[in-house]
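Structural description and commentary
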Amino acid sequence: MSAATACMPLVVPPPPPSSPSPLHGSDGQPAAMAPAERRQHPRGMEAAETESHGSGGEERRRPEGEDDGVMSEPRAVVRTLTCERKVYVEGFAYWRSIGRTELPELDPILSFDEFEFSAPAAFLDHPHRGFENVTYMLEGGVSYHDFSGHKGTINTGDVQWLTAGRGVVHAEVPAGEGVQRGINVWINLAANDKMVEPLYQDLASHAIPTATSDDDGGGVSVKVIAGECLGACSPLRPRTPALCLDVALRPGARLRQPVPRGWSACAYVIAGEAVFDGASVGARTLVVFGGDGDGVEVRTEAAGAGARVMVVAARPHGEAVARDGPFVMNTPEEVEQAREDFRHRSNGFEMADGWTSDHAATSAAAR
């Protein structure tokens, strides 16, 4: 999706392509053409090596120690945020944890939302540049169509990892009747990767590796969306090195997951109640882990009902962030250039010239 609550400009009726929306990592405050927001991060990253990535032979940076596979020092929880349901428009609501005033970002994670999506809401033809967009469906589906002809439906348990790179224009709509539910995450691209060619990596639910463990007095089942867990490794290759796990824990279970030192890490409780660093956390709550330690630990109480938790970690870039609506760059000038490129259908947006998605055409015909 497009950060369901952090991604796509809503088009009912269509706003300017740079209008903020919950799908763009904002809370919908009116500032359509305001100067791009800019934040500076301290530099200083770990040494890195490169490895092959994707069918095009692209490379991704891998920090030393990424594949150690053993956790010796669990990270402490430094922050807990409870999310409130917000209605953006009829048919679209979200719970935002990252990308709000209290936590504008967790470098390189720009936004993290759980969303509900149903008619009449629709996110019709809109652009993106400069980040990776992850849509993971919990219930129902989202149908999409982009200007290169890529189209389909992300159904329950499926994931789409979209590297928007230099430019994508697409549409997303609810795939069925009733409420569609999912998780949407925006992950920033490094400055050197902002203008790479777009790449879709889609995995059906049955193709996502699953790892299980009965250690520590309970049962753990993990869908490994990105990265590695309990010996299972995802075939997805994010441009920004990342870990993304859907963890189900029965009562009394525990998962100790290695995370490279220096990576940002968080966990979102989808359902039930989990324990992090000695504190119980309920559903729709995000915990942010500190940087000290080489892994994270999540467990459930033996007398509880278990929990479902999303664990996400990624290697920070330590770079300035300038963002406005669907564009995430390093400077306001680059954001303005992205606007101009989309406006003039150039420099990555050429295929948008004269293109209309099937969903936009259907919507127009129904009016």
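Refer to the preceding data block for the structure.
Before going into details, it helps to say that this report is about the structure given with it. Please read all numbers here as calculations on a predicted model, not as lab measurements.

Parameters and conventions
Each residue is numbered by its place in its chain's sequence as written, counting from 1. Thresholds applied to this predicted model are a pLDDT of at least 70 for local features of residues and 80 or more for the giving and counting of side-chain atom pairs; totals over whole chains, interfaces and linings are not thresholded and use all residues. The basis for the side-chain values is all heavy atoms of the structure; hydrogens and waters are excluded. Classification of ring pairs uses Phe, Tyr and Trp, with its six-membered ring standing for Trp, and accepts pairs whose centres are within 6.5 Å; under 30 degrees between planes counts as stacked, over 60 as edge-to-face, and the remaining range as tilted. Secondary structure elements are defined from DSSP: runs of H or I of at least 4 residues count as helices, runs of E of at least 2 residues count as strands, and each element is numbered from the N terminus. Only protein chains enter the accessibility calculation, which uses a 1.4 Å probe. A residue is then buried if its area is under 20% of the maximum for its type, exposed if over 50%, and partly exposed in between. Here, a charge over a ring means that NZ of Lys or CZ of Arg falls within 6 Å of the ring centre while also lying within 35 degrees of the ring normal. Whether two strands pair comes down to DSSP finding at least two bridges between them. We define a nonpolar core as any set of buried Ala, Val, Leu, Ile, Met, Phe, Trp, Tyr and Cys residues linked to one another through side-chain atoms lying within 4.5 Å. Any two residues having at least one pair of non-hydrogen atoms within 4.5 Å are treated as being in contact. What counts as an axis is a line fitted to C-alpha atoms, over the stretch in contact for a helix, and the angles between N-to-C directions run from 0 to 180 degrees. Multiply 1.5 Å by the residue count of a helix minus one, and that product is the helix's expected span. By construction, the arc corresponds to the directions joining the helix axis to the C-beta atoms. Any carboxyl oxygen of Asp or Glu that lies within 4 Å of a side-chain nitrogen of Lys or Arg is treated as forming a salt bridge with it.

Moving on, we get to the packing of aromatic side chains. Summed over the entire model, instances satisfying the criterion amount to 12 aromatic pairs. When the ring of F92 is compared with that of F117, the centres are 5.5 Å apart and the planes differ by 80°; the resulting orientation is edge-to-face. Of this pair, F92 sits in strand β6 (residues 92-98) while F117 sits in strand β7 (residues 109-117), and the two are 25 residues apart along the sequence. Residue classification places F92 among the buried positions, given a relative accessible area of 1%. Take F117: its relative accessible area is 0%, and that puts it in the buried class. An aromatic cluster is built from F92, Y94, F115, F117 and F123, whose rings are joined through pairwise contacts. Stacked on the ring of W95, the Lys or Arg R284 has its end atom at 3.7 Å from the ring centre. The residue whose ring lies beneath R345 is F342, and the NZ or CZ to ring-centre distance is 4.5 Å.

Turning next to the pairing of β7. Where burial is concerned, most of β7 is hidden: nine out of the nine residues are buried. Two strands pair when backbone bridges link them, and β6 and β7 are joined in this way by six bridges, in the antiparallel orientation. In the strand pairing of β7, R96 is matched with D113. As judged from the eight bridges shared by β7 and strand β14 (residues 180-188), these two strands associate in the antiparallel manner. Across the sheet, F117 pairs through a bridge with Q180, a residue of β14.

When a protein is soluble and globular, its nonpolar side chains tend to lie buried together. Within the largest apolar cluster, 31 residues are counted, with the highest numbers of intra-cluster contacts made by W161, I225, Y268 and M310. Apart from residues no more than four positions distant in its own chain, Y268 is found in contact with C83, W95, S97, F112, E114, I183, R284, T285, L286, R308, V309 and M310.

Glancing now at the sheet that holds β14. Here seven strands make up an open sheet; going across it, the order is β5-β6-β7-β14-β9-β12-β15 and the pairing antiparallel. Only two strands of the sheet have a single partner each, and these edge strands are β5 (85-89) and β15 (199-203). Sheet twist, expressed as the mean angle between neighbouring strand axes with direction ignored, is 20°.

Taking 1.5 Å per residue as the helical rise, helix α2 (residues 332-343) with its 12 residues ought to reach 16 Å, and the 16 Å between its terminal C-alpha atoms agrees with that figure. Every buried residue of α2 is listed here: V335, A338, R339, D341 and F342. Angular distribution of buried residues about the axis of α2 spans 165°; they occupy a single face of the element. Residues of α2 that are buried in the fold lie against β8 (123-128), β13 (168-174), β27 (321-324) and β28 (327-329). Of the residues flanking the end of α2, it is R345, one or two places downstream, whose phi is positive at about 55°.

Below, the discussion takes up the sheet that holds strand β11 (residues 151-154). Strand pairing in a sheet takes place through backbone hydrogen bonds and is either antiparallel or parallel in direction. Taking strand neighbours across the sheet as the criterion, the four strands line up as β8-β13-β10-β11 in an open arrangement whose pairing is antiparallel. Edge positions in the sheet fall to β8 and β11, since each of these pairs with one other strand and no more. Ignoring strand direction, the axes of neighbouring strands in this sheet form an average angle of 25°. When β8 meets β13, the two strands line up antiparallel, connected through four bridges. Counterpart to H126 in the pairing with β13 is H170.

Below, the discussion takes up the pattern of salt bridges. All told, the structure shown has 18 salt bridges when counted by the stated rule. Note that R308 is salt-bridged to D246, the shortest N-O span being 2.7 Å. On the criterion of sequence distance, the pair formed by R308 in strand β26 (residues 307-314) and D246 in strand β20 (residues 242-249) is long-range, its members being 62 residues apart. Taken together, the salt bridges that share partners define one network made up of E114, E139, R181 and R284.

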